[in-house]
Structures are given as C-alpha cells and as structure tokens.
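# Examination of the molecular architecture
Each chain, letter by letter, is given below.
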Amino acid sequence: MGDIHGRHDLLEALVREIGRDVAATPPSAQPLLVFLGDYVDRGPGSAQAVDIVLRLQGEGEFEIRALKGNHEEALLRFLDEPSFGSTWAEHGGSATLASYGVQPPTTRTDPIAWAAAAEAFAAVLPAAHLTFYRTLDLMTEVGDYAFVHAGVRPGVALAHQEERDLLWIRGEFLQATGPFGKVIVHGHTPMEEPQVTRHRLGLDTGAYATGVLTAVRLDGETQRFIQARANRVAA
C-alpha cells in the first residue's frame, strides 16, 4: 500500500476493499499486507491512520509488515531535536501534531514554542505509537519483490543499500532502467497513476491531495491494483 499521509478515511476504505478481495479470491497462505511508509503528515488523520495499522496487527487476519518513510524519520527527529519542528511543519508536520491534540506553534521560527510543542507531543503520544515509529523496517523482501519507501540506489546490492536512499531517493532511481536485483515496490514520489515498469512498481498516488490511495495485489506473476477514492472505491 502506498503513502497514506494522514488520510485515515481512505485507509479504512482500502482495507475494507482488500478484505473483500481476499475473501473473493483467497490466497494459499495468510495474506501479507505491506505498508510502504509515510503514514503521517499533510492529511488530517495521522494518529488515526497509525491506530488502524496497529489494529490490523492485533486482529491477525493479515501478516503486517510496516516500513519507515521519510516523514516518520522527520517525526522522530522532531521528538529528539525540537528545533527541527519548523522544517517539519513545512512538510505537513503541523497536521500530525493536531491529530494528536497538540497545538502547533503559530510562529514557525520560535524555538521556545517548538520545544514546548515537542514536550506536549511526547506527553500525549501513546507508547504503542512511539514503539511503532521507532521499530519500522527499512526494507522487506518477498519472492521476486523488494518493498521500500522511496527506492534503491542503482548499482548497489539490496543488502548494501543505505537508509537515506531507501527513505529519500528519487531521480537517480526513477530514471534508472534497472534491473535492481528484485522488482522494487515503492512509494514516496506521487504520480497521477501507479507507475509500472519491468523492474519497479510505484504506488504513491498522492492520497492527501488527490483523494486516491493505491495498493497492488501481488499473487504469483499477477499484479492487480486496488484503489480507494474519496466517496468511492475502485479496483
């Protein structure tokens, strides 16, 4: 599943549709649901989106693998370094604070205000959410696929990829033709439609702005996209 960015409404709708899809065509083993990161920022329901992922983990219908995105990296940096708050706010961090009931500073450059906001955030952040953010994976591999948030550094073996590239890379990866060792399934770079090439699948359809959240069902050699759209769901 691609970048959620606080659109918990779309996440809930897409999880329901994935459940219907699994019921209609059951896989041979427990279904695996991989989240590609960027649960938070920009949209209004960051805290609620994490609650949904944690709920899915607890229900056990799906095996859940949750990856780290660059926006989760930013959230953790803010907790450790409150002065980073003004930069985080420029990329949607204020919406995350608001979803946890914390008032973002009105002046983005006030270090005292950001220190107070970080303290308030740490005080209300559920322990389960903090553990979630701090234990997210950088990559998971299944069969011929490798799942990451942003992409991989071309020419570097998957086992030797650096965290910064896995969370942030764009141009060098998107412009490369591959192969990359495995088919890379990623988010991070929003596009109007899912991106499909021989060596990569891009699933970020800019949910926070477009109202479209995208997943892909990978079953053997079959690739089928499932999307939740504001006010409707389409497969």
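This section reports on the structure supplied with the text. (Residues numbered from 1 in each chain as written. Predicted model: local features only at pLDDT ≥ 70, side-chain atom pairs only at ≥ 80, totals over all residues. Heavy atoms only, no water.)

### Observations concerning the packing of aromatic side chains
Considering all chains together, one arrives at 10 aromatic pairs under this definition. Note on Y39 and F132: the rings are 5.2 Å apart at their centroids and 70° apart in plane angle, and the pair reads as edge-to-face. Of the two residues, Y39 sits in the loop between β1 (32–35) and α2 (46–59) while F132 sits in helix α7 (residues 127–134), which places them 93 residues apart along the sequence. The burial state of Y39 is the same as that of F132; both residues are buried. With centroids separated by 5.2 Å and ring planes inclined at 50°, the aromatic side chains of F173 and F180 adopt a geometry described as tilted. On the basis of relative accessible area, F173 is assigned to the buried category, the value being 0%. Connected via pairs of aromatic rings, a cluster forms that spans F78, W88, Y100, W114 and F121. Positioned over the ring face of F173 is R200, at 5.9 Å from the centre of the ring. (Phe/Tyr/Trp six-rings, centres within 6.5 Å; stacked < 30°, edge-to-face > 60°. Helix = DSSP H or I, 4+ residues; strand = E, 2+ residues; numbered from the N terminus. Buried < 20%, exposed > 50% of the residue type's maximum accessible area, 1.4 Å probe, protein only. Lys NZ or Arg CZ within 6 Å of the ring centre and 35° of its normal.)

### Some remarks on α7
Within the span of α7, buried status applies to H129, F132 and Y133. Buried residues in α7, looked at end-on, bunch into an arc of 95°, giving them a common side. (Arc of directions from axis to C-beta.)

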